[in-house]
Amino acid sequence: MGDSYRVTISEEANADRSITKKRKGVKKDMDELKKEVPITEHKMSVEEVCGRFETDAARGLTVAKAAEFLARDGPNALTPPPTTPEWLKFCRQLFGGFALLLWTGAALCFAAYTVQVFSEDEPAPDNLYLGVVLSAVVFITGCFSYFQEAKSSKIMESFRNMVPQQALVIRDGEKVQINAEQVVLGDLIEVKGGDRIPADIRVVSAHGCKVDNSSLTGESEPQGRSPDCTHDNPLETRNVAFFSTNCVEGSARGLVVATGDRTVMGRIATLTSGLETGQTPIAREIAHFIHIITAVAVFLGVTFFAVAKALGYTWLEAVIFLIGIIVANVPEGLLATVTVCLTLTAKRMAKKNCLVKNLEAVETLGSTSTICSDKTGTLTQNKMTVAHMWFDGRIHDADTTEDQSGAAFDKSSPTWLSLARVAALCNRAEFKAGQDALPVQKRDVAGDASETALLKCVEGLCGSVRAMRESNALLAEIPFNSTNKYQLSVHETEDPADGRHLLVMKGAPERILERCSTVLLQGKEQPMDGATKEAFQRAYLELGGLGERVLGFCHLLLPEDRYPHGFPFDADDVNFPTEDLCFVGLVSMIDPPRAAVPDAVAKCRSAGIKVIMVTGDHPITAKAIARGVGIISQKSETVEDIAARLGVPVDQVDPTLVVACVVTGAELKDMSAERLDWVLREHKEIVFARTSPQQKLLIVEGCQRQGAIVAVTGDGVNDAPALKRADIGVAMGISGSDVSKQAADMILLDDNFASIVTGVEEGRLIFDNLKKSIAYTLTSNIPEITPFLLFILLSVPLPLGTITILCIDLGTDMVPAISLAYEQAESDIMKQPPRNPKNDKLVNERLISMAYGQIGMIQALAGFFSYCVIHAENGFLPALLPGLRVLWDDRGVNDLQDSYGQQWTYEQRKILEFTTHTAFFVSIVVVQWADLIICKTRRNSVFQQGMRNRVLLFGLFFETALAAFLSYTPGMGVALRMYPLKYTWWFCALPYSLLIFAYDELRKLLIRRNPGGWVEKETYY
Amino acid sequence: MAKDGEKGGGWGEFIWNPRTREFMGRTATSWGLILLFYLVFYIFLAGMFALTMYVMLQTLDDHKPTWQDRLSTPGLMIRPKPETLEIIYNIHRTESWDMHTTALDRFLADYNNSVQMEKSDECVPDQYFKQDDSGDVKNNPKRSCQFNRTILESCSGLEDRYYGFQDGKPCIIIKLNRVIGMLPGRDGQAPFITCGAKPPLADRQLRLPPKKEDTEKVGEMVYFPPNGTFNLMYYPYYGKKAQVNYSQPLVAVKFLNITTNEDINIECKINANNIPPGSERDKFAGRVSFKLRINTHTD
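Visitor: How would you summarise the overall build of chain B if you had to cite specific residues and measurements?
Guide: Looking only at helices and strands, chain B features eight helices and 10 strands. For 299 residues, the compact-globule formula gives about 19 Å, and the C-alpha radius of gyration of chain B, at 30 Å, lies well above that figure. The principal-axis extent of the C-alpha atoms belonging to chain B is close to 90 × 60 × 40 Å. Taking the contacts inside chain B whose residues are at least 6 apart along the sequence as the reference set, 76% of them involve residues at least 24 apart. Accessible surface, chain B as shown: approximately 15800 Å² in total, 55% of it carbon and sulfur. Between the mean site of the 37 positive side-chain charges and the mean site of the 36 negative ones, chain B shows a separation of 5 Å.

Printed below as a string of structure tokens:
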């Protein structure tokens, strides 16, 4: 399957090529798409809009016009991006990289066999077998990677699921139900609660219409729609409704101002599916590595083909050498090993709530140097919670932890009881039925976020709100509206003997204060004086400065004489006082950070990862949360903080002092790319507030321009482009939209930022372990190649055959190489900076130097030693071997004389030769024991690391057992031409195995003793 | 790739960077150190290899290899030995067979009686000629027994210089591969060679005897020495170091009335009950087959 990497590469290359052709056009389109939404109709009057689209706000388009527009603009549908046919994808998996090299090998095998069939009586089927095996290897790995790739990239499908089927349009003054694809510009459309909006529309009239824009903007609360333009930004104004969003309640009529790909959603879809995503870092590394190996293989193959011809070998022989060199050079099992290692890590990460969609993303996460995180839901709990209360002239802390483990405050004050009563009564939120067994914080609530927070707070601290509400029957109520900015209700008191009524009110603190003439202190009503007002202002500012949403509460006991029992309170007429009330207190709420987040952020920081917060929220709230979780650390100051502290204007602050900054979307909009780069470069701690989805993409691209590997979290459809563009897009498993999950590489099952950090740790570990695994696998290439080279150059009988090479690459080396993925980290990998993709390569020259130049050479000698031992013990002393090949491989020579004067038939020699192959193979297994143990660590001694990796122990056992099986199973002589070895031959390689171990321990000792010394510079991979 | 961008100057600069005085990314000192390291490292490895080889060679016996299990069935071989073991010639065209007779001449030169007399001893026939060492004292060099060319009689090339090739009654010489210490025999008697028609492949797999007509085509044969025996006195063989002058015994088979102008497949095998039959795969273990075609047309 290894080929998945190569495929990504070749696909990338192809994509690049096709893009270059139409680069200009596409590039411009993409830049265009990245800009803000170009809708202007919301600022025009209805008449102007009608004029623009030749339509009528009451009668709609004429049928003829509609048909004309449909012909002109095309159907109102999302255009799928051009896709590559499946068979082509499959073919790409089958050709390229190592696969091409192996196909060449297989083709040569078949060619050689064909030649043998025609030129020999009873041709040996070895080449046929080898050809079949090689083809099978490539084909199977090709299929594997094809299926692995096939599951990705369903972005467009997920968008299409959001598109409505039907639309109600008014044409020629008549309502008609038509297919949503037929909707054209200028159509007058009617939508009602439950409908999906079939195009971007400019609202002409609305009746209590609310739309759910969450899929587009991430705004979770439904928003009202009306014909008035309320904001310059088309995404914020109330008179535009968007394609594919839901109308939740009410009804509206509107004129279509954009259809299909030109709608806001269509632009996001096109942008997302059209964005070029760079290669993943690991794919780049693997490509780099494949290039090196392929170059070596081709170079050696061609050179020795030429040398063989020059030495007078026949074409057939030269071709067989070439096959051998290719097979020996290509680590057939390595890419499979890499995939398995990544899969194992992906599984481990899935257990820790990181579901990885694209295997390569496992490692990308480890290379991440910047994380752009959402605030809501990722860093925070995504539920409003009461954070502070102000009463009796003091601020009290409420418990905001998820499990209510925080400190409680003094609840004995009678003012608190009054405040709790107001908060509970003047509150329309209710617990849903049947949850009495659950803890308060976990219960579902029907109601808006603030009221929910209040409800839970009171329920948690004072007991059943329902009981409280039952004993204080509701008599009248004025719901919250944006002009009053308060909510009010009138209740009976809980004391049946008390005939008075209780009026409770909550709302914007300054509005509440205006209506109060007294204040409740320690349960006593006191007149409101200047000092109290000042205290209120201070508290209000302080709580606001914490980024909290503050509400004011007041009440009034209505005198019984004027409002006796049974008084007809009328909410519309307001026949009761709403002024001169008694101020009770303030309650402030915030969406508090998740418990694990501050630690996770700190971990990121020590791991050298920059965490950037990107949120649509208000800057003050954003900054407060950023401080709360440590994205802006305690000591850091923004330029505004410094200016305030020093009392100087913002532009006089020394920019070198500034490490943190809060950038708003409005500022970002006016920023040049250079300025953005400067901001990103010069600040360690950055918060982007009030940003739009397009800006998220700009931020990601800005970070990537700095050379960072960027992880981005997101949940809405609007985040999809950024998720796609990021090196690793992280979607939210719980709150995320389908589109965002499709565009992402990874899904956080618990929406928790802390899970990303565990992912980073796993990703870093796997990168280190892959290095070890590759070092282990590559080492055995040298003892595989050198036999062929000596065979050609010295004309000795062949020491190692192609079949045995495949037994190593696809057999004995596999499990040990995979077992290195289970190796534990040598040191705290989260205390090191992320790897620099430019310098810290997966396979670097030091790894090659170690694997090929040093350990591999020792291994080759071990193999040759076994080879010599077997030849010598059977009668062919080493001195006889050079030059012996010609007679040795001559079928006609059946009385070849050995060093003792004995004579050998061809078949007898061949059995001896294959026995040496088996012994060479076993020797490689024996030296690979030592190699596996030394590859466990790159710096530490094995004695420090220990041998706790059970899979690795199993790997050692497995390779040995497999080697014994291949050697001793009866019939192997026929099947694989492997023969039983004398037991002593197993020990030939042992001295070399010990040498490898001792040599590498010494090397690592020198590395530890002299950090930065020559040994480290030349051999630390 | 990022690497390319990083190099900046591209390949030219990579090969020689005048600014840092780096050749292929390394300065002269750096190259020197790494090359020195590899030199020392490889010298050390070579030393290690030499040491292990030396130790291994010490464990070997000078006169007998450690293992001989691959040679339990010694091979048979014929002379003359054309490339494909097909002897095809026309009796009327001397040039089609004289290379065979010259090959035999050359092969048999060592067996000239004069040479044999000079190098070897006369031994007691029909018994193994054992020359055991007495404990640690090696009984070397070992003596060899004479195999005089005249034993081959009419196939010796002495009376008939052309070994019967010229009149369609060719001699083929068969030899048994040398294996140190081997004592071939058949119930204490000398092992012997028999030749006959080679059954076709299918029959051989079913272990059927050759067809009668094939046997008739081969015709009569005569063996030299009589019965095609390898006399026991030529065994055991003590290896080329101890028994420098060893003469490998031969058997000649002369085809007296072989069918001409036709491919005749002949198989000869050793008959000895202490030599296991070789594997089906090895066509020369204890047997040898060749093709004989004698053309008589005169065109």
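The rest of the description comes next.
Visitor: I'd like to hear about the pattern of salt bridges, residue by residue, with values.
Guide: Residues and elements named next belong to chain A. Overall, the coordinates contain 58 salt bridges over all chains when judged by the stated rule. In this structure, Arg171 engages Asp187 in a salt bridge whose closest nitrogen and oxygen atoms are separated by 2.6 Å. On the criterion of sequence distance, the pair formed by Arg171 in strand β1 (residues 166-171) and Asp187 in the loop between β2 (174-179) and β3 (188-192) is long-range, its members being 16 residues apart. By the burial criterion, Arg171 is buried, and Asp187 matches it. In this structure, Arg705 engages Asp677 in a salt bridge whose closest nitrogen and oxygen atoms are separated by 3.0 Å. Taken as a pair, Arg705 in helix α25 (residues 693-705) and Asp677 in helix α24 (residues 673-682) lie far apart in primary sequence, 28 residues in all. Note on Arg705: relative accessible area 45%, which makes it partly exposed. Through salt bridges with shared partners, one network takes in Glu317, Arg885, Asp889, Lys910 and Glu913.

Visitor: Please set out the sheet that holds strand β10 (residues 287-295) of chain B residue by residue, giving values where relevant.
Guide: Residue and element names in this part refer to chain B. Read across the sheet, four strands follow the order β4-β10-β9-β6 without closing on themselves; strand pairing throughout is mixed. Each end of this open sheet is capped by a strand with a single partner; those strands are β4 (86-90) and β6 (192-197). With direction set aside, neighbouring strand axes in the sheet form an average angle of 25°.

Visitor: Which residues make up the packing of helix α11 (residues 281-310) of chain A against helix α13 (residues 334-351) of chain A, and what values do they have?
Guide: For any two helices packed against each other, the geometry comes down to the angle between their axes and how far apart the axes lie. All names here are of chain A. Relative orientation of the contacting elements α11 and α13 amounts to 165°, with a least axis distance of 12 Å. Between α11 and α13, the angle falls in the class roughly antiparallel. Here the hand of the crossing between α11 and α13 comes out right-handed. Along the contact surface, α11 presents Ile286, Phe289 and Ile290, while α13 presents Leu334, Leu335 and Val338. Its residues placed into classes, the contact of α11 with α13 shows six nonpolar, no polar and no charged.

Visitor: Please set out the sheet that holds strand β9 (residues 370-373) of chain A residue by residue, giving values where relevant.
Guide: Residues and elements named next belong to chain A. Read across the open sheet, the eight strands follow the order β8-β26-β25-β24-β9-β21-β23-β22; overall the sheet is mixed. Across the chains shown, the open sheet's two edge strands, defined by having one partner strand only, are β8 (354-356) and β22 (660-664). In this sheet, adjacent strand axes meet at a mean angle of 20° when their direction is disregarded. With five bridges joining them, β22 and strand β23 (residues 685-689) adopt parallel strand pairing.

Rules and cut-offs
- Residues numbered from 1 in each chain as written.
- Chains lettered and ligands numbered in written order.
- Predicted model: local features only at pLDDT ≥ 70, side-chain atom pairs only at ≥ 80, totals over all residues.
- Heavy atoms only, no water.
- Helix = DSSP H or I, 4+ residues; strand = E, 2+ residues; numbered from the N terminus.
- Rg over C-alpha atoms; globule rule 2.2 N^0.38 Å.
- Contact = heavy atoms within 4.5 Å.
- Areas by Shrake-Rupley, 256 points an atom, 1.4 Å probe, with all protein chains shown as cover.
- Lys, Arg positive; Asp, Glu negative; His and termini not counted.
- Charge placed at Lys NZ, Arg CZ, Asp CG, Glu CD.
- Salt bridge = Lys/Arg side-chain N within 4 Å of Asp/Glu carboxyl O.
- Buried < 20%, exposed > 50% of the residue type's maximum accessible area, 1.4 Å probe, protein only.
- Pairing = 2+ DSSP bridges.
- Axes fitted to C-alpha atoms, helices over the stretch in contact; angles between N-to-C directions.
- Parallel < 35°, antiparallel > 145°, perpendicular 65-115°, else oblique.
- Left-handed = near helix turned anticlockwise from the far one by under 90°.
- Nonpolar A, V, L, I, M, F, W, Y, C, P; charged D, E, K, R; others polar.

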